[in-house]
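Commentary on secondary and tertiary structure
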Amino acid sequence: MDLDAVDYLPSQIIAELYNICPDGVAENVALCVLSRWKVGGVAKCIVSPRSATQIASIIKLMTSRNLPYIVLGSTSNLLFDDEGLDVLAIQIGQKFSSVQVDNTIVTCQSGTWVPGFAKTLMHHSLTGVEHIAGIPGTIGGLICMNGGSQRKGIGEHINYVDTITSTGDTKRYSKEECKFSYRTSTFQDSDDIIVGAQFTLAQGKRTAIRQEMLGILSSRRKKFPQKHPNCGSVFVSNPAMYEDYGPPGAVIEQCNLKGVSRGGACISPLHANFIVNNHNASAADILYLIYLARETVRQKTGYEMPAEARYISANGAIIPAHIKAEQLWDSEVQLGKV
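Small disclaimer: the values here were computed from a predicted structure and weren't measured.

1. Points about the overall build of the protein
Regarding its fold elements, the protein presents eleven helices and 17 strands. Here the C-alpha atoms of the protein give a radius of gyration of 20 Å, agreeing with the 20 Å that 2.2 N^0.38 yields for 338 residues. Along the three orthogonal principal directions, the C-alpha set of the protein runs to about 60 × 50 × 35 Å. The buried share of the protein, taken over its 338 residues, is 51%. Look at the contacts in the protein between residues 6 or more apart in sequence, and 64% of them connect residues 24 or more apart. Accessible area of the protein: about 15,300 Å², with a carbon and sulfur share of 49%.

Laid out in structure tokens, this is it:
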């Protein structure tokens, strides 16, 4: 079968999506505008649901027609293909972002913006997750990656996570079932869509919480590039490499790759674990720099650096960006074309 000829989103399906989410369907969306990396072609259709019921209805529709789809949050760790996106994208964001606080128990929907969530907790004098202050992304994405900073993860404070399965049913995962470890969770290998979570935090002093968060934000502004589009940290820290050589940014810098560019993309001169879009970068430009950094670090240290960033192909396949980088550039490098 010629996959290029497949219609992943027939017009009648888009019409049904308008019935499910009357105010939440957008067609022919420029991904270079949506993406935090400001890279990518045109997405055929993006739907932004307001409720778990709408999400379940969308999943049931797509499953009943055997059509693929992907789920997006804030796109902070995603690299879209230059060819765009032919499958349906379900974006869970601001329209699905309520937060409820009951003493030290906090329940929120997965589209909640992480910096706003941290600020809400501060206003309620709740402590424990100050380390997420300033992390761009949604709670759903943060949970999926067990994200955080200072080598901490959001999973430490989770009681349970609610999802919608690939059949449109609801499912609740206990903390143990989430299998949180450093920057990983069971959701990375699951088709379930995270729709909400409950946390237990501790009472603290608002002024102390605020001061800690301000310190974290100040440190992020000094260390991380703010002026150019990027996806945050590109590579996940390898604990063994960290012990022997340091975190990815430091090791990439030791390899003299800070400031190295290709096309419109550049390994940030400020922090080498960031790849920034200086001017009209393509996905191929970014993938080459991912390939270059990994290969150079491997040759220097013997360690692998898995990418935290995920690549999304036009047909909706989602894979770690370093795998796509190797697929794209291994043969080119071996043939001496780059």
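That was the structure; now back to the text.
2. Thoughts on the pairing of strand 2 (residues 42-47)
Pairing geometry for strand 1 (residues 25-30) and strand 2, over five bridges, is antiparallel. Within strand 2, the residue paired with V29 across the bridge is A43. Sheet topology note: the strand 2/strand 5 (residues 88-91) ladder contains two bridges and is parallel. Residue pairing in the sheet places I46 in a bridge with A89 of strand 5.

3. Section: helix 10 (residues 283-301)
Helical geometry: 3.6 residues make up each α-helical turn, so side chains three or four residues apart lie on a common side. Between its terminal C-alpha atoms helix 10 stretches 27 Å, which fits the 27 Å expected from 19 residues at 1.5 Å a residue. Among the 19 residues that make up helix 10, 14 are buried, leaving the element largely enclosed by the rest of the structure. Positioned one or two residues after helix 10, G302 has a phi angle of 85 degrees, which is positive.

4. Examining the sheet that holds strand 4 (residues 78-80)
The strand order 4-16-17 describes an open sheet built from three strands, whose pairing is mixed. Edge positions in the sheet fall to strand 4 and strand 17 (318-320), since each has one partner strand and no second. Direction aside, neighbouring strands of the sheet carry axes that sit 30 degrees apart on average.

The rules behind the values
Numbers given to residues run from 1 along each chain, matching the order in which its sequence is written. In keeping with the predicted nature of the model, local features appear solely for residues at pLDDT of at least 70, side-chain atom pairs appear and are counted solely at 80 or more, and the whole-chain, interface and lining totals rest on all residues. Side-chain figures throughout are based on the complete set of non-hydrogen atoms in the structure, without hydrogens or water. A run of H or I in DSSP becomes a helix once it reaches four residues, and a run of E becomes a strand once it reaches two; helices and strands are each numbered from the N terminus. Radius of gyration: over C-alpha atoms. The globule rule applied is 2.2 Å multiplied by the number of residues raised to the 0.38 power. Only protein chains enter the area calculation, which uses a 1.4 Å probe; residues under 20% of their type maximum are buried, those over 50% are exposed, and those in between are partly exposed. Should any heavy atoms of two residues lie within 4.5 Å, those residues are counted as being in contact. Using a 1.4 Å probe, accessible areas were evaluated by the Shrake-Rupley method; residue-level cover was limited to the displayed protein chains. Two strands are said to pair when DSSP picks up at least two bridges between them. In this analysis, the expected span of each helix is defined as 1.5 Å times one less than the number of residues it contains. All axes here are fitted lines through C-alpha atoms, helices being fitted over the stretch that makes contact, and every angle between N-to-C directions spans 0 to 180 degrees.

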